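Coordinate inspection notes
What follows is each chain in one-letter form.
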Amino acid sequence: MVENLTGAFRGLWRAFIGKKYWKSLGLFFALVGPGIITSNVDNDAGGITTYSLAGSEYGLTLLWTLIPITGALIIIQEMCARMGVVSGKGLSDLIRERFGARITFYLMIVLFLTNLGNTISEFAGVAASMELFGVSKYISVPISAAIVWWLVVKGNYKSVEKVFLFACVFYLSYIISGFMGKPDWHAIGTSFLEPTIRMETGWLTMAVGVIGTTIAPWMQFYLQSSVVDKGLKAEDYQYTRMDVIIGSVTVNVVAFFIIMLCAVTLFQNGIRIESAKDAAQALAPLAGDYASWLFAFGLLNASLFAASILPISTAYTICEAFGWESSLNRKFLEAPQFYGLYSLMVFLGSGIILLPDMPLISIMYYSQVINGAILPVILIFMLLLVNDRKIMGEYTNGLAMNIVSWLTVAILTVLSLTMLAFVLFTK
Amino acid sequence: MDMNQEPQIFLNFSELLGRKIFDSAGRPVGKILDLTGNIGEIYPPVTEILLRSATDGKIVLFPWRRLAEVEGKLIADPLQPGDLRAPNLRAGELLLKDTLLDKQVVDTDGAKIRRVNDLQFLKSHKTLYLVHVDVGFHGLLRRVGLERPINFLFRVLFDYTLTDQLISWKFVQPVSSPDLLRLTVAQKRLAQLHPADLADIIEDLDIHQRAAVFRSLDIETAAETLEETDPKIQVSLIEDLDTANASDIIEEMSLSEATDLLGDLSKEKAEGILKEMEKDLAEDVKELLAHPEEKAGGLMTTSFFSFTPEHTAGEAMETIRREAEDMDLIYYLYVVDPQDHILGVLSLRELIVAAPEKALSELMDTRIVAVNIEEQKNRIAEDFAKYGMLAMPVVDEDNRLKGVILFKNLLEVVLPKLGR
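As the structure is a prediction and not an experimental result, all values here were calculated from the model.

Criteria and cut-off values
Residues numbered from 1 in each chain as written. Chains lettered and ligands numbered in written order. Predicted model: local features only at pLDDT ≥ 70, side-chain atom pairs only at ≥ 80, totals over all residues. Helix = DSSP H or I, 4+ residues; strand = E, 2+ residues; numbered from the N terminus. Rg over C-alpha atoms; globule rule 2.2 N^0.38 Å. Buried ≥ 20, exposed ≤ 12 C-beta atoms within 10 Å, placed from the backbone. Contact = placed C-beta atoms within 7 Å. Axes fitted to C-alpha atoms, helices over the stretch in contact; angles between N-to-C directions. Left-handed = near helix turned anticlockwise from the far one by under 90°. Nonpolar A, V, L, I, M, F, W, Y, C, P; charged D, E, K, R; others polar. Pairing = 2+ DSSP bridges. Core = buried A, V, L, I, M, F, W, Y, C linked by C-beta atoms within 7 Å. Parallel < 35°, antiparallel > 145°, perpendicular 65-115°, else oblique. Domains from an automatic or database assignment. pLDDT = per-residue confidence, 0-100.

1. Quick look at the overall build of chain B
- For chain B, the helix and strand inventory stands at 19 helices and 20 strands.
- For 420 residues, the compact-globule estimate of 2.2 N^0.38 gives 22 Å, and chain B exceeds it by more than 25% at 30 Å.
- With the C-alpha coordinates of chain B rotated into their principal frame, the extents come out at 95 × 55 × 40 Å.
- In chain B, which comprises 420 residues, the share counted as buried stands at 36%.
- Long-range contacts, defined as pairs at least 24 residues apart, comprise 62% of the intrachain contacts of chain B with a sequence gap of at least 6.

The following block contains the structure:
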């Protein structure tokens, strides 16, 4: 971690002062993408909901947790990106080759279920945000599902990625609405300088929730295959590392503004909310209509963005593990499993929202639970893989990095299991 | 499963892995971790068993031929002190699980990359031969341990029996390590593939496998394959080679493809390769490289036939016979004056049916359709669509012939924009 970080900054510094300034800058922009995109997809409907709840229920007290979360996210994503660059293989590919068919099979089933749960919550996010603009979910959800489908199947994946990268700009809407809430910067500063841990179940669960939604299992698979798809080489790795760091910081800056906005408006006025939609509605009288609209627009963008990426990423991951044909350049009959899985995700993800009397909150809740349960497994696999000389050669973790990363994974594991226990026994 | 009663049976690798071996007194000797095979043979025979010893937990090798099966039990009989040796592989031996199971292989029959779910052996006269690779869903279920319940479900629900999807080892090219490619290269499995299929496969492999597969090809196949590969991957494949090898391969490519590739390489690499290449060819490439890629000059090749009008059909035929092998375009002959001004054109068909003593000036068509060297590719595509030709001559302002554009090369530029 430490040597990687200083290495990255040294690389950047050298790039800025050196003669090759423009060349480096050009290279950087050519090679960035995977890290920033992954991180921003991560601020999806589930994430925004969790951040809104965290701010409105516990005020500024949870803000400081974003700093260690950023650190953990960087450590984990950095390893993923490094594995992608060095091995040239996706994560599910490596897991299959190293841990065999049986483990991979069950892991993929669980991953499918959790990603399906996540996709459902993305479409729920679409429905909720469009309802704020007065559009019924029976119109918005089918249309957005069709758009998602069309973009990925008919469009060129490369241009889709560019659209997404551009869409990341829309997360600025949260920052703008954050400022519209007229925050008290002094109090915010204090909350960072004097971090507090409250020993109450609710606060702790929420803290774990914030961590869980920021570091999700599917991200690792998605990031690594994007890095592989880009065909990045070990020589260009410093740029990928910067990409990952910038992405991880951005995601948490956005999270900061959401929590902060809800804290200074909803929490201070004692308003209780249950979803991101409530948050957007409650914001109108406190921070103005524009803040409310921006919030809703941000939610729509985040949900659509993640709904486009999750199903396709899941299909790729699973097909890669089982050696099924997986490419958007093939026809349906040439890659039936790939298109089948993809369609199933989009169809179920959007369809379940439209069923009357569907316990949406429970579905999202349980998908978060599976997320939390599978994360430690994947993180431990990652650490074993990244330390395998056969795969990584000289690019395995150094001693310092290993201590930091194992520690991070240990803490995350304990937290995930704690959350799992809370969820299962306090319901 | 006594050898004497049934001389030939099939065995799945997954059913052998993890099984215990006993000595004649019934004491456990160890557990099967892997098998070694001699991969140089067409159907690799299993030579040794990698065991985790039951006594001290050490990993050792045990010769396969000393193993017998008695009443469903694997017996090492008789177990002698020298039987267990340190796990150092002999030349040509490979650990089958380590190098094949769960790994990607190229199916040269179906021209696809597959993932190995299981290996199937043929047991014949006490020897085990690797004969099939299982790439199907049924094999996966067997590995996962769900074969029976899922089989049952499929039978009851759909009246359907899942079958194994096997590929003969003859058509399997392992790619997980460069050693595997080297050991099997004599069998020329990859050479069974069409270069276009080979290019697709190379694009689907990871960076290391890509380089290994590409290096294992002979120069001619490598050149043909490279022509069909995505430009970005072309560059990474060539950048990995030393300049001598790279220039050998690039010399075999068609002139226009070679030029495009060299234009995409880093400047130092391209210059290094050009120095190694044959003088004439390097000159041609340099000339073409001077033109911007999206214009006619960047798309054209200079590897075609041109004659002066006083040549006879017979003489032209002679030249074509002699040089056609190395030319990018042979279907049209261009007739030019000594200053290279284009006078006429004639197709190979017209040449073949013409009397050999006739001069080209009598045979040629003077209604020439040509494009200017500065023309943009979209306009050229329109001309191709309008005139329906295989190739289009490229001229400068003074109507001097500079090169020809092949329809194939233009197609690669225009195709990505179509249909999307």
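2. A look at the packing of helix 15 (residues 289-322) of chain A against helix 16 (residues 336-354) of chain A
Residues and elements named next belong to chain A.
- Taken N-terminus to C-terminus, the directions of helix 15 and helix 16 make an angle of 145 degrees; their axes are 9 Å apart at the nearest point. Classified by chirality, the crossing of helix 16 by helix 15 is right-handed. Contacts between helix 15 and helix 16 pair A307, P311, I312, T314, A315, I318 and C319 from the former with Q337, F338, L341, Y342, M345, V346 and G349 from the latter.
- Here the contact of helix 15 with helix 16 is built from residues that sort into 11 nonpolar, 3 polar and no charged.

3. Some details on the interface of chain B and chain A
- Tallying the contact residues gives 17 residues for chain B and 13 residues for chain A.
- If you list the elements that add at least two residues to the side of chain B that touches chain A, you get strand 10 (112-115), helix 3 (137-144), helix 7 (207-216) and helix 9 (231-240) of chain B.
- Broken down by element, the side of chain B that touches chain A gets its largest block of residues, 3 residues, from helix 3 of chain B.

4. Topic: helix 3 (residues 34-42) of chain A
- Buried residues dominate helix 3 of chain A, accounting for 9 of its 9 residues.
- Listed as buried for helix 3 of chain A are P34, G35, I36, I37, T38, S39, N40, V41 and D42 of chain A.

5. Some points on the pairing of strand 11 (residues 118-124) of chain B
Residues and elements named next belong to chain B.
- Pairing of strand 1 (residues 8-12) with strand 11 involves 5 bridges; the strand directions are antiparallel. Bridge pairing in strand 11 places L11 opposite F121.
- With 7 bridges connecting them, strand 11 and strand 12 (residues 127-134) associate as antiparallel partners. The residue of strand 12 that forms the bridge with Q120 is H132.
- The antiparallel hairpin formed by strand 11 and strand 12 contains 2 residues in its connecting segment, where H125 sits at a positive phi of about 50 degrees.

6. Focus: the sheet that holds strand 13 (residues 166-168) of chain B
Residue and element names in this part refer to chain B.
- Within the open sheet, the 4 strands sit side by side as 1-11-12-13. Their pairing is antiparallel. The sheet is open, and its two edges are formed by strand 1 and strand 13, each paired on a single side. Sheet twist, expressed as the average angle between the axes of neighbouring strands with direction ignored, equals 40 degrees.

7. Things to note about the nonpolar core
- Among the nonpolar cores identified, the biggest contains 126 residues, and I258, I259, A279, L299 and A315 of chain A are the most heavily contacted of them.
- In contact with I259 of chain A, other than residues within four places in its own chain, are Y51, A54, G55, L62 and L63 of chain A.
- Grouped together as the second largest cluster of nonpolar side chains are 62 residues, L51, L94, V116 and L226 of chain B included.

8. A few points about the environment of W150 of chain A
Residues and elements named next belong to chain A.
- With respect to the secondary-structure elements, W150 resides in helix 7 (residues 137-153).
- You can call W150 exposed: it has 10 C-beta atoms within 10 Å.
- In this structure, the C-alpha to C-alpha distance between W150 and S308, residues 158 residues apart in sequence, is 9.9 Å.

9. Brief notes about the packing of helix 6 (residues 91-132) of chain A against helix 3 of chain B
- Between helix 6 of chain A and helix 3 of chain B, the shortest axis-to-axis distance is 8 Å and the interhelical angle comes to 95 degrees. Of the possible angle classes, the one that applies to helix 6 of chain A and helix 3 of chain B is roughly perpendicular. Residues A101, R102 and F105 of chain A of helix 6 of chain A lie in contact with helix 3 of chain B, whose contacting residues are L140, R143 and V144 of chain B.
- Each residue belonging to the contact of helix 6 of chain A with helix 3 of chain B can be placed in one class, and the counts come to 4 nonpolar, no polar and 2 charged.

10. A word on the sheet that holds strand 20 (residues 401-406) of chain B
All names here are of chain B.
- What the 3 strands build is an open sheet, ordered 18-19-20; its pairing is mixed. Among the strands making up the open sheet, the edge pair consists of strand 18 (371-372) and strand 20.
- Docked against the sheet, helix 18 (residues 377-387) engages strand 18, strand 19 (391-395) and strand 20, running at close to 135 degrees with respect to strand 19.

11. Concerning the domain arrangement of chain B
- Per the domain assignment, the segments making up chain B are domain 1 (8-98), domain 2 (103-119 + 132-174), domain 3 (194-290) and domain 4 (305-417).
- The gap between the C-alpha centroids of domain 2 of chain B and domain 4 of chain B is 53 Å.

12. Examining the confidence of the model for chain B
All names here are of chain B.
- In this model, chain B carries an average pLDDT of 85, and 95% of its residues clear a pLDDT of 70 or more.
- Ranking the elements of chain B by mean pLDDT puts helix 5 (residues 178-184) last, at 69, and strand 16 (residues 332-336) first, at 93.
- ipTM for the predicted complex: 0.76, alongside a pTM of 0.81.

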